[in-house]
Amino acid sequence: MPYIDELSAAEIAAGVARGDFSATEVVRASLDAIASREPDVQAFLQISADLALQTAAVTDARRAKGEPLGLLAGVPVAFKDNMQLVGTRTTCASRMLEHFESPFTATCVQRLLDAGATPIGKTNMDEFAFGSSTESSAFHRTGNPWDTQRVPGGSSGGSAAAVAAGEVPIALGSDTGGSIRQPASFCGVVGMKPTYGVVSRYGVVAFGSSLDQVGPFGRCVCDVALAMDALVVGGRDPLDSMSQSVPASFREQLEEPVEGMRVGVIESLMEHEALSAEVRAALEDARAALETQGVQFVQVALPHMEAAIAAYYVIGPAEAFSNLARFDGVRFGYQEPDCATLAEQTARSRARGFGAEAKRRQLLGAYLLASGVYDQYYYPAQQVRTLITADYRAAFARCDALLLPAAPTAAFRFGEMSTPTQMYAADLFTISNNIAGNAGVSVPVGLGKTSCMPIAAQLQGPAFKDHALLRVARALERGVEDAGRTCSGTVAPGFARMGGVLA
Ligand code: GLN
């Protein structure tokens with residue numbers, strides 16, 4: 001019998017539909033894999049075993065009655081812990097929400113459940129999604145399954161690690177400035193940030209509302225396409241005012257040829273001083289893999305991209321300050337006892353409930369929005385946003401997608417980033433995409449020669465051309481597979497086949 005981590009999500013759903021194994025057996029195998037791998041990886045904050053078994057029993061009963069099964073029938077999935085799911089807590093990896101029971105279920109979570117998925121648990125993250133390493137979680141650190149002395153990336157580090165360790169085939173994350181694409185690249189899995197508005201954020205704790213987007217992780221592009229179809233098949237979600245409807249045809253278009261498609265590269269970025277030699281080499285491999293399939297490469301420019309980090313670290317904290325004001329110990333969140341006044345209670349609750357990075361972001365946001373200061377920072381940041389969006393529009397007039405790094409280096413070691421600004425600077429290649437609201441996907445292209453860690457290429461595409469972007473991602477995956485270089489589809493060595501036999 002196979003190990004759970006040898007099967008893709010599509011194979012699990014097909015096996016459940018055929019009756020090769022039951023959804024309940026799949027859950028048990030996933031829980032067994034989790035039990036043997038979690039001591040090293042610690043990707044999860046909560047395991048929802050009862051909920052998963054109950055859900056699987058429903059799927060098995062449906063099958064017994066001959067009822068139609070969904071796209072993700074019996075597929076174990078994990079959710080970043082900023083997504084509401086009734087029957088679990090939604091903590092955002094913060095003391096502030098340590099005991100917060102989800103009052104309702106987020107649309108993105110519900111859509112996967114509607115497709116028959118089984119909710120295995122909630123994954124670790126940077127507190128309130130502030131960070132790039134999952135180190136700011138208030139609860140514990142998550143190890144990168146390829147080397148547990150290194151970070152899994154962040155902020156959706158737990159979701160990326162759970163997939164890379166073969167604990168679940170699909171997990172959801174959120175991406176405000178790179179939080180799906182960067183951890184996917186660090187953990188050697190595929191991670192997609194759809195166009196802003198393609199996936200509903202209703203029920204996902206907000207960070208930067210003009211930037212936030214939900215998306216899936218999988219070990220291969222096919223599973224990401226499967227998850228995307230399940231996420232969008234229900235159409236526009238009226239509960240997220242930015243939600244838009246796109247066709248659920250991600251799988252359908254995936255294998256179409258890419259011959260004649262044009263991919264842009266930005267020379268100044270490829271020469272960027274922050275870029276490590278092994279990432280640069282991996283991007284050359286990615287280019288070759290696409291060229292063999294008839295993709296044409298063109299030079300393009302994004303002249304204002306260097307200003308993206310500065311603009312993001314104004315807009316992001318400003319929006320975060322506004323969104324996190326609700327965690328005051330009265331409306332939501334930890335409440336400090338024995339306070340004489342409301343002001344004292346608010347101050348002390350917030351001081352105790354938030355960790356250092358969450359405080360830093362909110363203080364920064366409060367300052368940036370203060371009268372007098374606003375005109376110096378927030379207003380120019382919005383102007384930069386307009387310029388970057390226009391840059392992309394001009395670039396995408398000349399190409400169907402852009403090829404660029406997901407991160408300047410492979411996964412770094414715990415504590416290696418000594419200052420917050422050093423960490424912020426490393427988001428250089430992902431942030432502009434959120435600023436413009438475009439789609440982006442991170443695809444593993446092999447192991448770095450120096451670090452021996454996974455390295456990804458990032459593809460970015462124009463807004464609402466997500467299907468075509470994923471097709472290029474699949475071509476890239478196919479190309480590197482043919483060249484024998486990929487780590488796509490594989491579980492991190494050391495974790496494969498540890499527990500989790502599908503009986
Ligand atoms: N690393 C970025 C930050 O710290 C992005 C985080 C995210 O996308 N949630 O803000």
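These numbers come from a predicted model, not from an experiment.

Undergrad: For this particular structure, what's the right way to read the overall build of the protein chain?
TA: A tally of regular secondary structure across the protein chain gives 16 helices and 11 strands. Relative to the globule expectation of 23 Å for 503 residues, the C-alpha radius of gyration of the protein chain, 21 Å, shows essentially globular dimensions. With respect to the three principal axes, the spread of C-alpha positions in the protein chain is 65 × 60 × 45 Å. Looking at the 503 residues of the protein chain, the share that counts as buried comes to 61%.

Undergrad: I'm lost on the state of the cysteines in this one. Help?
TA: What we call a disulfide is simply a covalent bond connecting the sulfur atoms of a pair of cysteines. Counted under the stated rule, the structure contains zero disulfides. C92 forms no disulfide, and the closest cysteine sulfur to it belongs to C108, at a distance of 12 Å. Residue classification places C92 among the buried residues on the basis of a relative accessible area of 1%.

Undergrad: Looking at this model, I keep getting lost on the pattern of salt bridges. Mind explaining?
TA: A side chain of one charge can pair with a side chain of the opposite charge when the charged atoms of the two come close. As enumerated under the stated definition, the model contains 23 salt bridges in all. A salt bridge links E67 to K65; the shortest N-O distance between them is 3.6 Å. Residue classification places K65 among the exposed residues on the basis of a relative accessible area of 63%. Here R348 makes a salt bridge to E344, at a shortest N to O gap of 2.6 Å. A residue pair is termed a helical-turn pair when its members lie 3 or 4 positions apart in one helix, as R348 and E344 do in helix 11 (residues 342-353) at four residues. Look at R348 and you get partly exposed, because its relative accessible area is 31%. Residue E344 is classed as partly exposed on the basis of its relative accessible area of 27%. By sharing partners, the salt bridges in this structure join E255, R474, E477, R478 and E481 into a single network.

Analysis parameters
- Residues numbered from 1 in each chain as written.
- Predicted model: local features only at pLDDT ≥ 70, side-chain atom pairs only at ≥ 80, totals over all residues.
- Heavy atoms only, no water.
- Helix = DSSP H or I, 4+ residues; strand = E, 2+ residues; numbered from the N terminus.
- Rg over C-alpha atoms; globule rule 2.2 N^0.38 Å.
- Buried < 20%, exposed > 50% of the residue type's maximum accessible area, 1.4 Å probe, protein only.
- Disulfide = S-S within 2.5 Å.
- Salt bridge = Lys/Arg side-chain N within 4 Å of Asp/Glu carboxyl O.

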